[in-house]
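Chain by chain, the residues run as shown.
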Amino acid sequence: MRGGVLLVTALFILGSHAGGFDFIVRGNEDIVTSEVGFNEFNFGSNWRGPAQSTVYINYRYDEAATNEFGEPDQSFQYYPPGETTPIPLTFSLIPEDFLADPLVFPVIQNDPRICGSITKRAPINQICIQGDTACNGGYEYVVTVGVDNLVDRARTNIEYIGGNPPVLVQSSEVLRPTSNTLYGKLGATFQVSGSETVLINATDFQGEPRGSIEWFFRAGGTGAETQLPGSLAGVTITNAGDGQSILSLSGVNAAHVGEYIAVATNEHGEDRASAFVTQGVAPFITEGSGQSGSSSFRVGANRDVNPGETITIRAEDSQSNPSSTITWSYSRSESGPYSAITSGGPYSISSSSGSGNVGTDSRLRISNVGSGQYGYYRATAVNPHGTVTSSSSLIGRSPQLNLGSGIETDGNGNIGSDYLAGIGSTVTIRAQDLTGFPTSSFRWQRFNSLGLLTDITTGGRYRITTNGANSELRITGVTPSELGTYRATASNAFGDSTGESLVGTPSGCNSGSNIVRVNNGATYESGASFDTTNANSFRIRGSDPTGVPTGTSSFQYSRTPSGPRSAVNGAYAVTATPIGAAGTIDFFNLVDGAYGYYHVTNSNQFGSAECSNLVGSQLAFRTGSGQIGQNYQVAPGSSQAITASFSDGFPYGEIVWRRPNGQIITSSTPGYTIALGNGVSQLVINSARSIDYGTYTATASNTFGSVTASSVVSETVVGMRPVIEKGNPDTNNTATGGVVRGRIGESFNVSTGDTVTIVVNDTAGREASSIRYFRSPPGSQRFVDITDNPAYTITTTQGADGFTDSTISFTAGPDTYGTFRAQASNSAGSDGAISQVGRKPRIEDSGSFTVIRRVESRTLDVGGAINNIVEGSSLTLNTEDIEGQPDREFIWTYRRGTTGPFGALPASSKIFQFTNGNINTLGISNIDSSLYGEYRVVARNRFGDSAPVVTRIGGPPIIRTASGTVFSMPGEIGNSFIIRRDRRLTIKAFVERTYPPADPTKFRFTEGNAILSHTQSDTEDNCFFYQEGEYEFACSTTITARAENDFGFSNQPSSTVTLQAPTIIRGTDTCAVGGATNTAQIGSQLCLYQQTTFQITCSLNNTNVPNFVYEWRFDGATISDSSDKYSIATQADKIVSVLTVLRGGVDESGRYTCRVTSECNQVDSVSTDVDTFEYMYTCNQDDVLVCSESRNGGPFRGVSISVCEGLSLERPDCNPCNWETTQWTQCSDTDCHRGRRMRTVQCNCEGEVSEDLRCQRSSPKPEGMERCGPAGVRCNRPFAWIAYQFGTCSTTCGPSFRERRVECISTISRNRVDEGECTQLFKPEGRVTCQTQECDSCVDRYPPDECRIFVAIANGCDDIKYNTRFECCQTCRVLGL
């Protein structure tokens, strides 16, 4: 690093050469400053000044101190005040700003002993120390410079003076008489009309200590300064302390015009600032702002004006004195030039002066506004005291774009139209503002892919041209990226106008011949052929590959490409959902009827396109009798038909037949006939020949592939395959006398033990048939051959017609229920038929009555009743079908009451059911009354329904039980009733459980064993009333309610009814000695002077309590009305009783109780505490007059002196001390108002001088020094005393003093000089006594524990009534109160 910028992070402590080295250029000044500022000097000099000053210390050195790089080794140390161990200063290697000059490097260590902010500045070799308010005292800074062991050190002492010179707050505002009082700061100008009051605030905001402020006046602003208040009338100076002074000028007139100067002075310097008072007020125009909605508005506001309107602009000057002259001017642009307006044409100007020639009101009226009047208008007000020009009012018009419509096909038009654009074409969109003034600005934007607006500027394919009220957007060589919606916005001061245009292309549609093999659940784009051979649920999604904007999709269906079309619907589980161009066709469990062509049409405003989708599958031939794929035996000369039809596949392909020799068979081939249908072809071999035997094939193909099947036709013997005669499956045979017989194919509804016979007849087989029997048990899909099972009796015979007949007989039972199949076979083929053998279900009704008495889980059989006394149990009902075969289902229904139809089970998560074989389970968890009712179950199978079984679930009634006390009727059972004799008693009882319903004839209200009459409510369900006239019970009784249903008795809630007791009204007043009244409501406190007559009132708040008596007590003893001390007066209605106590003294202090007892022995009593007080003046041990109080004859204790001052009491003389003063000395300086004069002030106690504390108890000490000299004359002396702040007191109590430093300085250089230069000046005191208390004066007059309680009761130490701080001084000090 070059140029002397070496940042040292380690401290080099090096010894000096024996002979000493002098590398550093030292200073030798002792610099003293009194004001905060910037100070620069060399290391070696010393500085003393205010704490917040900034000091720059230079450390320059000669070349002998540099190394081979031209730089010395450097280190810095720092000694805080009072410390002998230095702190090394380490600076950052990185400057605060690399571009700064000089570079600044901060100290990097964080040591709280470092004062202020310290930085190093390079390459100028300088330390910068910026002090702050925490800096106080002397600090030493050391720099060490050298190379190798050759070093030099220099030291500088920095001493911070605690404090700052004053700085006055100033303002530059001009104040006008908006009211009768003008208030402002120094620096302001006060414009007055006359007789106002002016308040000028002078505040020292920086002086430490705050400066004292003096006021001076210069008449007219040019005369000599004179000190205020002086002889100027109406002047008042209020010094508010803390560096603030208010100068008040009342009744301002011409004599008050001039400059007012405030001078703030403290021991560190002074500051001065001025305010000016002028007579007469310059104009001031009150302006409007923003947009005005009224046709009359203040200048400065703007107005959007329609052509033909009339408007008025007001210029209101309410302050000018004398009234101003207002003129108007106009400009087409805001920046001018402006030309004057006079009345004429559309303009009319009217002006008027205010009352007393104060203020002016001028109005500019513009009639029938046209475009020629649009522009800027302003007003200028002039009087002798000034000129003011208002802001401009803009009169104009909001913009309105010329909007196009429809579709432009040539690429040229107005905003608002849409544009059909070909790729590569050019589109020009114009935006024209028809109305706007001032001229609008234009903004072009477009919507991006996220739907957000983005700005467009000239560049690329865009070019924007704007000329005045016209703007044009040209898009050259349109690509898909430029397609979309464009917005133009015209804006001026009055608003915006917008228009939008769409630049787009017609909708398109995907098309193609590709084949898509469909997978279940997949989604495919439209425009293909879809092979659904291996899937039946998928989605086709429409898409518009070219349209901008994207078109909307519509869908149609046709069975063939050119066949009639229809809307897509859900007939074959196909749904179409048009959602823009992403509409969909959804296929679910595709069936043949949904095969066909689905046409998608995409459309937007620029055009449409259509594509078709073939939905089909690969072809498959149907199999079975008579179909291709079966083999056939044909007798010579016989005919045989073979059918080829499709079991699956679309579209249907042409079926091609081939004969055994491979030749294609057509309708013209001899010996064959071909019949064609829709997807069906039948080949008939006519009169079979030997050449016709062999293999025949049928082949078909479609878009998705081809299919081939073959049949072998061979010569056969004479005979026919069997055909079983089948009965009607709806025939349900039942047993008669335990025997049932029927034909195969019919059903058999039997009981266990019945004999069943099933008849099987072959009606077609020409050769003997073999008949075998098979059985599948209930619930099974597997058949077992039972032909040889001995449990079954089988007979087979050959009928006269040559056909085979057979029967199977067996005994019905669980092992023989099920599905029976008979199979007849011969060489020509076979035939089969089935019958169901079983019986309808049967459920048994348990008929039980179950009681659930606690919360539990129970499993029961259906039927009967369940009395759920305790809610919350869980119940499982099992239903068993003991006879039904085959499988059955269980059907549950429900009803709430005992009549009416059954419906669905309650919709509750608490109810569930499941079936396992022949057993069904219904579960109900956490049963409550909402689930009570009748549950019916039926089992059903093909043979019929079982008889229904009903289970009743309920519980005994529950009567709702209320709580609380009721004073007004009606109430509910369970309430406690407090009632008066003359009131009607009404009690309601609500029966809440509704199943089974409570029997209203068995509801009861009872009192003891007596049944009370009641009524049932007509308007409230399950509500019963008990009512009676005036209350006739004794003092108290109990009434009980009970309900009943089939399941039992309800709970029996009760209510107690009690005659209302007497209640005494309670007073809440607190104690106040010497109040305006000596009466109290019982319950209040009463505080009295001794020997005072007082009254206590006891009254009831209920007036209809019969037969009660009053009793008065004092401290528990009954008061007799015959006593000379007491008088008791009770009103005739006995509602109020008054106790009078005559001349109450100490003996009458205590608790007075009023007790009321009714005929039911109901008692209420309330007490009042009465305290009596006595007061007297006394002198305490410090000879201070105090007030003492005795409460209820107890010991006297101190209270606030103000208590005794309100009484006529004798006052002793406690303090014989007073202040004595001598005559003032001569003034020390008669040339200016900076002199001082002195006098002696001492405390005299009964002729002897005593310490000041004794006199200060009764009055403050008079001043012993004051300023003197000619008033209004400022001092200009070359020397002055400067006094620093006093230190702390030497002791905390008793005799004490504090000291400060006093120095003589030059008022020019602010440096300290010899004290001899100031001998002619008054020297401030360097030592004064402290005003401290006597060391033993703060003591507790009571034990510490009692004092803490006393302080807590008094809520602190400032209670004047009990003189807490005096009585418990030490405790208050310890608690910090």
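Residues numbered from 1 in each chain as written. Predicted model: local features only at pLDDT ≥ 70, side-chain atom pairs only at ≥ 80, totals over all residues. Heavy atoms only, no water.

Asks: Which residues make up the state of the cysteines, and what values do they have?
Replies: Here the structure, examined in full by the defined rule, presents 8 disulfides. Across the disulfide from Cys 1243 sits Cys 1255; the S-S distance is 1.9 Å. With the S-S bond torsion at 85°, the cross-link from Cys 1243 to Cys 1255 turns out right-handed. A residue pair is termed long-range when its members are at least 10 positions apart, and Cys 1243 in strand S108 (residues 1241–1245) and Cys 1255 in helix H2 (residues 1252–1256) qualify at 12 residues. There is no split in this pair, since Cys 1243 and Cys 1255 are both buried. (Disulfide = S-S within 2.5 Å. Helix = DSSP H or I, 4+ residues; strand = E, 2+ residues; numbered from the N terminus. Buried < 20%, exposed > 50% of the residue type's maximum accessible area, 1.4 Å probe, protein only.)

Asks: Could you give an account of the sheet that holds strand S109 (residues 1248–1250), with specific residues and numbers?
Replies: To summarise the sheet geometry, strands pair through backbone hydrogen bonds and adopt either a parallel or an antiparallel arrangement. Taken together, the 3 strands give an open sheet; going across it, the order is S106-S108-S109, and neighbouring strands pair in antiparallel fashion. At either end of the open sheet lies a strand with only one pairing partner, and these are strand S106 (1217–1221) and S109. Going across the sheet, the axis of each strand differs from the next one's by a mean of 50°, ignoring polarity. In this structure, S108 lies alongside S109, joined through 3 bridges in antiparallel fashion. The residue bridging Cys 1243 from the neighbouring strand is Ser 1250, located in S109. (Pairing = 2+ DSSP bridges. Axes fitted to C-alpha atoms, helices over the stretch in contact; angles between N-to-C directions.)

Asks: Please provide a residue-by-residue account of the side chain of Ser 329, values included.
Replies: With respect to the helices, strands and loops of the structure, Ser 329 is situated in strand S28 (residues 325–331). We classify Ser 329 as buried; its relative accessible area is 12%. Those residues in contact with Ser 329 that sit more than four places away from it in its chain are Tyr 338, Ser 339, Ala 340, Ile 341, Tyr 376, Tyr 377 and Arg 378. (Contact = heavy atoms within 4.5 Å.)

Asks: An account of the sheet that holds strand S62 (residues 705–715) is needed here, citing residue identities and associated values.
Replies: Pairing is mixed in the open sheet, where 5 strands are placed in the order S55-S62-S61-S57-S58. In this open sheet, the two strands that pair with only one neighbour each are strand S55 (632–634) and strand S58 (664–665). The pairing of strand S61 (residues 694–702) with S62 spans 9 bridges and is classified as antiparallel. Each bridged residue has a counterpart across the sheet, and for Asn 702 the counterpart in S62 is Gly 705.

Asks: Help me get a handle on the environment of Leu 1059, residues and values and all.
Replies: You can see Leu 1059 is positioned in strand S94 (residues 1054–1059). The exposure class assigned to Leu 1059 is buried, which follows from its relative accessible area of 4%. A sequence separation of 23 residues divides Leu 1059 from Ser 1036, and the C-alpha atoms of the two residues are 6.2 Å apart.

Asks: Please give an account of the side chain of Ser 248 that cites residues and values.
Replies: By the secondary structure assignment, Ser 248 is in strand S21 (residues 244–249). We classify Ser 248 as buried; its relative accessible area is 16%. Other than its neighbours up to four places away in sequence, Ser 248 contacts Thr 197, Val 198, Leu 199, Gly 234, Val 235 and Thr 236.

Asks: Quick one: what's the story with the pairing of strand S71 (residues 818–826), residue by residue and with numbers?
Replies: As paired strands, strand S67 (residues 770–776) and S71 are joined by 7 bridges and run antiparallel to one another. Opposite Phe 774, over in S71, you have Arg 821 as the bridge partner. Sheet topology note: the S71/strand S72 (residues 829–838) ladder contains 9 bridges and is antiparallel. Within S72, the position partnered with Gln 823 by the bridge is Gly 832. Counting the residues that bridge the hairpin from S71 to S72 gives 2 residues.

Asks: Explain the environment of Ala 240 residue by residue, including any values.
Replies: Examined against the element boundaries, Ala 240 turns out to sit in strand S20 (residues 235–241). Exposure remark for Ala 240: the relative accessible area of 49% places this residue in the partly exposed category. Note: C-alpha distance between Ala 240 and Thr 203 (37 residues apart in sequence) is 9.7 Å.

Asks: Hey, could you go over the nonpolar core for me, with residue numbers and the actual values?
Replies: If you look at the biggest cluster of nonpolar residues, it comprises 31 residues, and the most contacted ones within it are Ile 118 and Tyr 160. Elements that contribute at least two residues to this core include exactly strand S5 (54–58), strand S7 (73–79), strand S10 (117–122), strand S11 (126–130), strand S12 (137–147) and strand S13 (150–161). Ile 118 has contacts with Leu 89, Phe 91, Pro 106, Val 107, Ile 127, Cys 128, Ile 129 and Tyr 141, leaving out every residue within four places of it along the chain. Grouped together as the second largest cluster of nonpolar side chains are 27 residues, Phe 538, Ile 540, Tyr 557 and Phe 587 included. (Core = buried A, V, L, I, M, F, W, Y, C linked by side-chain atoms within 4.5 Å.)

Asks: Break down the pattern of salt bridges for me, citing the residues and quoting the values.
Replies: For the coordinates displayed, the defined rule picks out 48 salt bridges. One salt bridge connects Arg 888 with Asp 881, and the closest N-O pair in it is separated by 2.6 Å. The partner of Asp 1169 in a salt bridge is Arg 1151, with the nearest N and O atoms 2.8 Å apart. Remark: Arg 1151 occurs in strand S102 (residues 1150–1157) and Asp 1169 occurs in strand S103 (residues 1163–1179); sequence separation between them is 18 residues. In the salt-bridge network here, residues are joined through shared partners; they are Arg 48, Glu 159, Arg 1301, Glu 1303 and Arg 1312. (Salt bridge = Lys/Arg side-chain N within 4 Å of Asp/Glu carboxyl O.)

Asks: For a nonpolar patch on the surface, give the residues involved together with the corresponding values.
Replies: Where nonpolar side chains cluster on the molecular surface, the patch consists of Leu 93, Ile 94 and Phe 98 and spans about 370 Å² of accessible area. Counting through the fold element by element, Ile 94 comes out in the loop between strand S8 (87–88) and strand S9 (103–106). You can call Ile 94 exposed: its relative accessible area is 52%. (Patch = residues over 30% accessible without salt bridge, like charges linked within 9 Å, V, L, I, M, F, W, Y side chains within 5 Å. Areas by Shrake-Rupley, 256 points an atom, 1.4 Å probe, with all protein chains shown as cover.)

Asks: Account for the confidence of the model for the protein, with residues named and values stated.
Replies: With 91% of its residues at a pLDDT of 70 or more, the protein has an overall mean of 84. In this model, residues 1–20 is a region of pLDDT below 50 whose contacts with residues beyond four sequence positions or in other chains number 51 contacts. (pLDDT = per-residue confidence, 0-100.)

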